[in-house]
Amino acid sequence: MPRNLVVGAAQLGPIARAEPREAVVVRMIALLDKAAARGCGLVVFPELALTTFFPRWYMPDQAEVDTFFETEMPNAATLPLFERARALGIGFSFGFAEKLEIGGRIRRFNTAILVDGEGQIVHRYRKIHLPGHTENEPWRAFQHLEKRYFEPGEEVFSPVTALGGEIGLAICNDRRWPETYREHALRGTEMVLIGYNTPVHYPLAPEHDHLQCFHNHLSLQAGAYQNGLWVVGVAKAGKEENCDLIGQSCIVAPTGEIVAQASTLHDELVIHDCDFDRCTEIRANIFDFAKHRRPEMYPLLSAPIATRR
Ligand code: CDT
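Below: a short report on this structure. Within each chain, residues carry numbers counting from 1 in the order of the written sequence. Local features in this predicted model are restricted to residues of pLDDT 70 or higher, and side-chain atom pairs are both shown and tallied only at a pLDDT of 80 or more, whereas totals for entire chains, interfaces and linings draw on every residue. Working from all heavy atoms in the structure, the side-chain values ignore hydrogens and water.

Section: the sheet that holds strand E1 (residues 4-11)
- Two strands are counted as paired when DSSP detects at least two bridges linking them. Here a strand is any run of E in DSSP of at least two residues, a helix any run of H or I of at least four, and the numbering for each starts at the N terminus. One open sheet accounts for 6 strands, arranged E5-E4-E3-E2-E1-E14; its pairing is mixed. Two strands in the sheet have a free side with no partner beyond their single neighbour: strand E5 (121-126) and strand E14 (268-275). Across the sheet, the mean angle separating the axes of adjacent strands is 35° when strand polarity is ignored.
- Pairing geometry for E1 and strand E2 (residues 42-44), over 3 bridges, is parallel. Counted as the bridge partner of Ala9 is Val44 from E2.
- Sheet strands touched by helix H1 (residues 21-37): E1, E2, strand E3 (91-102) and E14. Its angle to E14, the strand with the most contacts, is close to 40°.
- Set on the sheet, helix H3 (residues 79-88) makes contact with E3, strand E4 (105-115) and E5; between it and E3 the angle comes to about 140°. Orientation is described by axes fitted as lines to C-alpha atoms, over the contacting stretch for helices, and by angles from 0 to 180 degrees between their N-to-C directions. By the convention used here, residues are in contact when the closest approach between their heavy atoms is within 4.5 Å.

Written as structure tokens, this is what we have:
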């Protein structure tokens with residue numbers, strides 16, 4: 001009995017700082033409708049999908065920062081997306097800046113959720129690898145203040161049983177870390193959904209700017225192959241507030257092959273009919289973890305500080 005899910009990678013083009021969430025949601029619903037017409041059961045949107053990528057600005061006033069955060073989900077702006085998806089019977093995933101109170105303390109996370117075909121939030125992940133810096137660094141062409149505006153998530157990578165498979169979440173910078181995919185795979189994840197906002201320009205190593213797209217696919221493809229899982233990488237792309245973001249949203253099979261790829265830097269949907277059972281092609285053979293993995297020989301992999309001997 002095949003276990004297939006037609007997945008749509010729903011890339012978003014740039015979102016202006018002044019663009020209201022309601023307008024973005026109209027764009028997301030248009031992609032959702034297109035996905036439904038093409039038989040999708042799951043549509044994946046990018047990281048921080050509802051607003052511009054605000055960590056590019058230093059904002060000393062926390063009240064201004066908080067205008068980019070959501071305090072409940074769904075909320076008035078996103079409810080039409082939830083309602084349309086439920087009417088279509090489609091699951092979806094997207095990222096947003098989450099502000100909530102836990103134990104009397106205000107916490108802020110870079111969060112992604114998975115919503116099933118009945119409109120229920122069935123999985124929530126808070127970004128673990130927060131890139132960038134905490135203080136204003138005016139020498140940069142733009143800031144990357146994720147370490148200032150968010151706390152790192154405190155829950156490990158894990159899948160949820162939904163939409164016919166074991167589906168997991170990760171966010172942007174997570175995709176560069178091999179541990180992300182390995183932890184997922186060890187916990188049984190069959191498909192990882194990864195939204196991203198990746199500038200072409202990397203201020204700390206501008207000599208690598210021309211490699212941004214290469215490193216994107218390198219990470220997504222290696223993660224898929226070395227762990228025998230599907231990877232859906234979805235960009236917020238294009239020139240956003242004078243900052244160029246890479247595109248190249250793609251769906252990667254467990255063999256590491258890209259089976260669908262966006263070719264624009266705008267709102268664009270690419271789809272693939274994904275068979276969860278294809279994970280076995282890799283996991284029962286070259287990367288049969290139980291048979292061939294040697295965790296006793298990698299003791300430093302989960303050590304907090306690497307040592308040389
Ligand atoms: N959003 C995000 O995590 N972006 C980073 C940019 C490079 S680090 C400053 C990324 O890993 O793509």
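Moving on from the coordinates now.
A short note on a nonpolar patch on the surface
- For patch building, the residue pool is restricted to those with more than 30% relative accessible area and no salt bridge; the joining distance is 9 Å between like charges and 5 Å between nonpolar side chains (Val, Leu, Ile, Met, Phe, Trp, Tyr). Only the protein chains shown count as cover for residues, and the accessible areas themselves come from Shrake-Rupley with a 1.4 Å probe. We define a salt bridge as a contact between a side-chain nitrogen of Lys or Arg and a carboxyl oxygen of Asp or Glu at a distance within 4 Å. Side chains of Trp139, Tyr202 and Leu204 sit close together on the surface and give an oily, nonpolar patch of about 360 Å² of accessible area.
- Tracing the sequence through the fold places Leu204 in the loop between strand E8 (191-196) and helix H6 (212-227).

Observations concerning the site of the ligand
- Close to the ligand lie 14 residues, the nearest being Lys127, Cys172, Asn173, Arg176 and Thr198.
- Within the side chain of Glu146, a nitrogen or oxygen atom sits 3.1 Å from a nitrogen atom of the ligand.
- In protein, a polar contact means a hydrogen-donor-capable atom and an acceptor-capable atom, both N or O and within 3.5 Å, with residues adjacent in sequence counting only if both atoms are side-chain atoms; elsewhere, any N or O pair within 3.5 Å suffices. Taking Asn173, its side chain carries an N or O atom lying 2.8 Å from an oxygen atom of the ligand.
- In isolation the ligand has 350 Å² of accessible area, and contact with the protein removes 92% of it.
- Any residue that is not Ala, Val, Leu, Ile, Met, Phe, Trp, Tyr, Cys, Pro, Asp, Glu, Lys or Arg is counted as polar, Gly included; the first ten are nonpolar and the last four charged. Taken together, the residues of the shell around the ligand break down into 5 nonpolar, 4 polar and 5 charged. One heavy atom within 4 Å of a molecule or strand makes the whole residue count as near it.

Some points on the packing of H1 against H3
- Running from N to C, H1 and H3 cross one another at 10°; their axes reach a closest spacing of 10 Å. As the angle between them shows, H1 and H3 are arranged roughly parallel. Contacts between H1 and H3 involve Val25, Met28, Ile29, Leu32, Asp33 and Ala36 from the first element and Pro80, Leu81, Arg84, Ala85 and Leu88 from the second.
- Considering only residue class, the contact of H1 with H3 consists of 9 nonpolar, no polar and 2 charged. Here roughly perpendicular refers to angles of 65 to 115 degrees, roughly parallel to angles under 35, roughly antiparallel to angles over 145, and oblique to all remaining angles.

Here we look at helix H5 (residues 178-186)
- Along H5, the residues that are buried comprise Thr180, Tyr181, His184 and Ala185. End-on, the buried residues of H5 take up no more than an arc of 120°, which puts them together on one face.
- Phi turns positive one or two residues past the end of H5, at Gly188, with a value near 95°. Here the term buried applies to any residue with accessible area under 20% of the maximum for its type, exposed to any over 50%, and partly exposed to those in between, with areas from a 1.4 Å probe on protein chains only. In this description, the arc belongs to the directions extending from the helix axis to the C-beta atoms.

So, unusual backbone geometry
- With an omega dihedral of -5°, the bond running from Met73 to Pro74 counts as a cis peptide bond.
- Positionally, Pro74 belongs in the loop between helix H2 (62-66) and H3.
- Phi angles above zero are rare outside glycine, and Leu48 is one such case at about 40°.
- Its location among the elements puts Leu48 in the loop between E2 and H2.

Points about the sheet that holds strand E6 (residues 160-162)
- In space, the 6 strands of this open sheet follow the order E6-E7-E8-E9-E12-E13, with mixed pairing throughout. A single partner strand is all that each edge strand has here, and the edge strands are E6 and strand E13 (258-261). Strand-to-strand twist across the sheet, computed as the mean angle between neighbouring axes with direction ignored, equals 25°.
- Against the sheet, H5 touches strand E7 (165-171), E8 and strand E9 (230-235), its axis set at about 160° to E7.
- Across the face of the sheet, H6 comes into contact with E8, E9, strand E12 (250-252) and E13 while running at roughly 30° to E12.

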